[in-house]
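Spelled out from the first residue to the last, the chains are:
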Amino acid sequence: MSSGRTIVVGITGGIAAYKAVNIVRAFVLRGDSVHVVATTAALRFVGKPTLEAISRNPVHTDLYEGVAEVRHVAIGQSADLIVVAPATAHTIAKLACGLADDLLGNTILASTAPLVIAPAMHTEMWNNAATRANVQTLRERGVVVVGPGTGRLTGADSGAGRMEEPDTIVAAALAALAASDLAASDLAASDLAASDLAASDTAAAGVAGNLGDLRGKRIVISAGGTREPLDPVRFLGNRSSGKQGVALAEAAVARGASVVLVAANLEVPAPEQVDLRPVGTAAELDRAMSIAAVDADVVIMAAAVADYRPAEVRPEKIKKDDTGDTLMLTLVRNPDILAGLAAAKKPGQVVIGFAAETESDPDRLLTLGREKVARKGCDYLVLNRVGWTEGFASERNEVRVLDGRGDIVIEASGSKLSVAERILDLLR
Ligand code: CTP
């Protein structure tokens, strides 16, 4: 990403406003043109002269100044990126409602640039149902929410609500800008059909909108389909391409998680940023997952695992002359890896399974899903229908996610990346 962009830093009225000076400075040092829009409350916490000296530009607050140059929309229209830090509970509520009663509100409403906010408030305010709903609304609109972190707050108390450190906010903001640049160039270069265009747009917005919310989480994902050898040249396998598991890995990496991808015979490339552990058989997958799960926060079994393997693997190619017109194979059960991982779950670890079912009746499908989640003992089960033409190699997916009690917590359809985003929303 090139430097020299136009960045609006919105500062609102919280103690953490003093830290916003470092955010402004970081952008200026990159060579960006930085325009500070501060609320009147913000200027009670940090001085205008400081912000003007550091940003090297006038600091704007008043909606009724600069009317001749239509400043209330001009600043937002010129922005490549808007960062609001700190974002108070009040400001978040205003943004969620689209209120424009001050210059910052107008600037944001008049802009199509990516918006990054860094909430800062006391724990009770952050946990308040109103704030949670407002933050959720903003996330759904593609706003990147950085933090808040946990730690010492303004008073003697500590907890969630502390504004993230300036360098974390700047990094997340630059990632959002890069993601938005990428989405714009992808869309410009692409000759996708209109429906595909809408799907990729949503997925790109989803990735940009959630950047960083899984930072610090260690996620182990299995993807693909296992192959059980019969002889040196043949195997028993399944049609899983690995696309949904890889989409989960891609989305998790983009959202800041560190990802181990246990990859069974993928038909699609694995993302570069994962710790890739290739496996072939169910036994290898079992071993790799058990090792990786030891220090994982989240375990996702998206791989299609062979339930049976040949009792005997022939050392030489099976020859027709030796077997005749029919061939009987004896198969033995493989362990249920997901059930094993769920049984060995550490406190706080989240285990997610998938269920591939061919049942066409939606109610019966749901019943099968409920039976499966109870049998496996996992925290969530992603239920999807598969068949001759659905599921495996397809670019799209349609799922219902059940929790451990069998209640539907998510219904999602769309590209595998957008479905992955919805599943990962469970983890933040
Ligand atoms: N799974 C597993 N080990 C197996 C079989 C499946 O860990 N031996 C996991 C899959 O990765 C998936 C979930 O269990 O997350 C459900 O897989 P699915 O094939 O839908 O179900 P099965 O357990 O095979 O049950 P059934 O044969 O009754 O459909």
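Not measured: the values here are computed from a predicted model.

Brief notes about the overall build of the protein chain
Working step 1: Scanning the protein chain for helices and strands turns up 15 helices and 19 strands.
Working step 2: With the principal axes as the frame, the protein chain shows a C-alpha extent of 90 × 50 × 40 Å.
Working step 3: The long-range fraction of contacts in the protein chain, counting pairs at least 24 apart against all pairs at least 6 apart in sequence, stands at 69%.
Working step 4: As displayed, the protein chain has an accessible area near 20300 Å², and 52% of this comes from carbon and sulfur atoms.
Working step 5: Counting 44 positive and 51 negative side-chain charges, the protein chain places the averaged centre of each group 3 Å from the other.

A few points about the sheet that holds strand S13 (residues 298-301)
Working step 1: On the basis of which strands lie adjacent, the open sheet formed by 8 strands has the order S12-S11-S8-S13-S16-S17-S18-S19 and mixed pairing. On the outer flanks of this sheet lie strand S12 (275-279) and strand S19 (408-415), each paired with one strand and no other. Along the sheet, successive strands turn relative to each other by an average axial angle of 15°, direction set aside.
Working step 2: Sheet analysis places strand S17 (residues 380-385) next to strand S18 (residues 396-403), joined by 5 bridges and oriented antiparallel. Bridging from a neighbouring strand, Leu 381 pairs with Leu 402 of S18.
Working step 3: On the sheet, helix H14 (residues 362-376) packs against strand S16 (350-357), S17, S18 and S19 and is oriented at approximately 145° with respect to S17.

Looking at the site of the ligand
Working step 1: Of all residues adjacent to the ligand, which total 15 residues, the nearest are Ala 303, Leu 338, Phe 354, Lys 372 and Lys 376.
Working step 2: Note that an oxygen atom of the ligand is positioned 2.8 Å from one of the backbone N or O atoms of Met 301.
Working step 3: Within the backbone of Ile 337, an N or O atom sits 3.1 Å from a nitrogen atom of the ligand.
Working step 4: In the complex, the protein chains occlude 79% of the 570 Å² of accessible area that the ligand would expose alone.
Working step 5: Only helix H13 (337-343), S16 and H14 provide two or more residues apiece to the shell around the ligand.
Working step 6: Broken down by element, the shell around the ligand gets its largest block of residues, 4 residues, from S16.
Working step 7: Tallied by class, residues from the shell around the ligand come to 9 nonpolar, 1 polar and 5 charged.

A few points about the pattern of salt bridges
Working step 1: By the definition in use, this model includes 20 salt bridges.
Working step 2: Here Asp 80 and Arg 5 are joined by a salt bridge, their closest N and O atoms 3.5 Å apart. Note that Asp 80 is positioned in the loop between helix H3 (71-78) and strand S3 (81-87) and Arg 5 in the segment before strand S1 (6-11), a separation of 75 residues in sequence.
Working step 3: The class for Asp 80 is partly exposed, based on a relative accessible area of 25%.

Describing the sheet that holds strand S5 (residues 144-145)
Working step 1: The strand order across the open sheet formed by 5 strands is S2-S1-S3-S4-S5, and the pairing between neighbours is parallel. Either end of the sheet is taken by a strand with one partner, and the two such strands are strand S2 (33-38) and S5.
Working step 2: Here S3 runs beside strand S4 (residues 115-119); their pairing, made up of 4 bridges, is parallel. Its bridge partner being in S4, Val 83 is matched across the sheet by Val 116.

Some remarks on a nonpolar patch on the surface
Working step 1: Among the surface-exposed residues, Tyr 308, Leu 327, Leu 329 and Leu 331 lie close enough to one another that they form a single nonpolar patch of about 340 Å² accessible area.
Working step 2: Mapping Leu 327 onto the fold places it in the loop between helix H12 (320-323) and strand S15 (331-333).
Working step 3: The partly exposed category is assigned to Leu 327, whose relative accessible area is 43%.

Focus on the nonpolar core
Working step 1: Residues Ile 11, Phe 27, Leu 81, Val 83, Val 116, Met 163 and Ile 169 are the most contacted members of the largest nonpolar core, which totals 34 residues.
Working step 2: For this core, the secondary structure elements donating two or more residues are S1, helix H1 (17-30), S2, S3, S4 and helix H8 (166-189).
Working step 3: Apart from the residues within four sequence positions on either side, Met 163 is in contact with Ala 16, Lys 19, Ile 23, Ala 85, Pro 86, Ala 118, Pro 119, Ala 120 and Ile 169.
Working step 4: By size, the runner-up hydrophobic cluster in this structure holds 31 residues, among which are Ala 223, Ala 247, Val 399 and Ile 410.

As for helix H7 (residues 129-140)
Working step 1: For H7, with 12 residues, the first-to-last C-alpha span of 16 Å sits near the 16 Å given by 1.5 Å per residue.
Working step 2: On its buried face, H7 sits against helix H4 (89-97), S4, helix H6 (123-127) and S5.
Working step 3: The N-capping residue of H7, defined by a side-chain oxygen 2.8 Å from the backbone nitrogen of Ala 130, is Asn 128.

Describing the pairing of S13
Working step 1: Judged by which residues are buried, S13 turns out to be covered on both faces: Val 298 and Ile 300 on one side and Val 299 and Met 301 on the other are all buried.
Working step 2: Summarising the sheet, strand S8 (residues 218-224) and S13 pair through 4 bridges and their orientation is parallel. Bridge pairing in S13 links Ile 221 to Ile 300.
Working step 3: Of the strand pairs in this sheet, S13 and S16 are connected by 4 bridges, and their pairing is parallel. Bridge pairing in S16 links Ile 300 to Ile 352.

Focus: the confidence of the model for the protein chain
Working step 1: Chain-level pLDDT for the protein chain is 89 on average; 91% of the residues reach the 70-or-more range.
Working step 2: Within the model, the stretch residues 191-208 combines pLDDT values under 50 with 17 contacts to residues more than four positions away or in other chains.

Looking at the packing of helix H10 (residues 243-254) against helix H15 (residues 416-424)
Working step 1: Where H10 contacts H15, the axes come no closer than 8 Å and their chain directions differ by 60°. When the axes of H10 and H15 are compared, the pair comes out oblique. Crossing handedness for the pair H10 and H15: right-handed. Along its contact with H10, which presents Lys 243, Gln 244, Ala 247, Leu 248, Glu 250, Ala 251 and Ala 252, the element H15 presents Lys 416, Leu 417, Val 419, Ala 420, Glu 421, Ile 423 and Leu 424.
Working step 2: When its residues are assigned to classes, the contact of H10 with H15 shows 9 nonpolar, 1 polar and 4 charged.

What counts and what doesn't
Think of each chain on its own: its residues are numbered from 1, step by step along the sequence as written. Where totals are concerned, whole chains, interfaces and linings use all residues; where local detail is concerned, this predicted model gives features only for residues with pLDDT of at least 70, and gives and counts side-chain atom pairs only at 80 or more. In computing side-chain properties, one takes all heavy atoms of the structure into account and sets aside hydrogens as well as water. Runs of E in the DSSP output that reach at least two residues are strands. Runs of H or I that reach at least four are helices, and both are numbered from the N terminus. Here, two residues are considered to be in contact whenever any of their heavy atoms come within 4.5 Å of each other. All accessible-area figures derive from a Shrake-Rupley calculation using a 1.4 Å probe, and residue coverage is judged against the displayed protein chains alone. Only four residue types enter the tally: Lys and Arg on the positive side, Asp and Glu on the negative side, with His and both chain ends excluded. In plain terms, the charge of a residue is placed at NZ if it is Lys, CZ if Arg, CG if Asp and CD if Glu. In this analysis, strands are considered paired if DSSP registers two or more bridges between them. Under this scheme, a helix contributes an axis fitted over its contacting stretch, all axes are lines through C-alpha atoms, and angles between N-to-C directions fall in the 0 to 180 degree range. Think of it this way: one heavy atom of a residue within 4 Å of a molecule or strand is enough to make that residue near it. Side-chain atoms alone can form a polar contact between residues adjacent in sequence; in general such a contact is a pair of N or O atoms within 3.5 Å, and within protein one must be able to donate a hydrogen while the other accepts it. Classes in brief: Ala, Val, Leu, Ile, Met, Phe, Trp, Tyr, Cys and Pro nonpolar; Asp, Glu, Lys and Arg charged; the others, Gly included, polar. Any Lys or Arg side-chain nitrogen located within 4 Å of an Asp or Glu carboxyl oxygen qualifies as a salt bridge. Only protein chains enter the area calculation, which uses a 1.4 Å probe; residues under 20% of their type maximum are buried, those over 50% are exposed, and those in between are partly exposed. Each patch is built from residues that are more than 30% exposed by relative accessible area and take part in no salt bridge. Like charges join if they lie within 9 Å; nonpolar side chains (Val, Leu, Ile, Met, Phe, Trp, Tyr) join within 5 Å. The set of buried Ala, Val, Leu, Ile, Met, Phe, Trp, Tyr and Cys residues whose side-chain atoms join them within 4.5 Å is what this entry labels a nonpolar core. One fewer than the residue count of a helix, multiplied by 1.5 Å, yields its expected span. Predictor confidence is given residue by residue as pLDDT, running from a minimum of 0 to a maximum of 100. Any angle from 65 to 115 degrees is called roughly perpendicular, while one under 35 is roughly parallel, one over 145 is roughly antiparallel, and all others are oblique. By convention the crossing between two helices is left-handed if the near helix lies anticlockwise of the far one by an angle smaller than a right angle, and right-handed if it lies clockwise.

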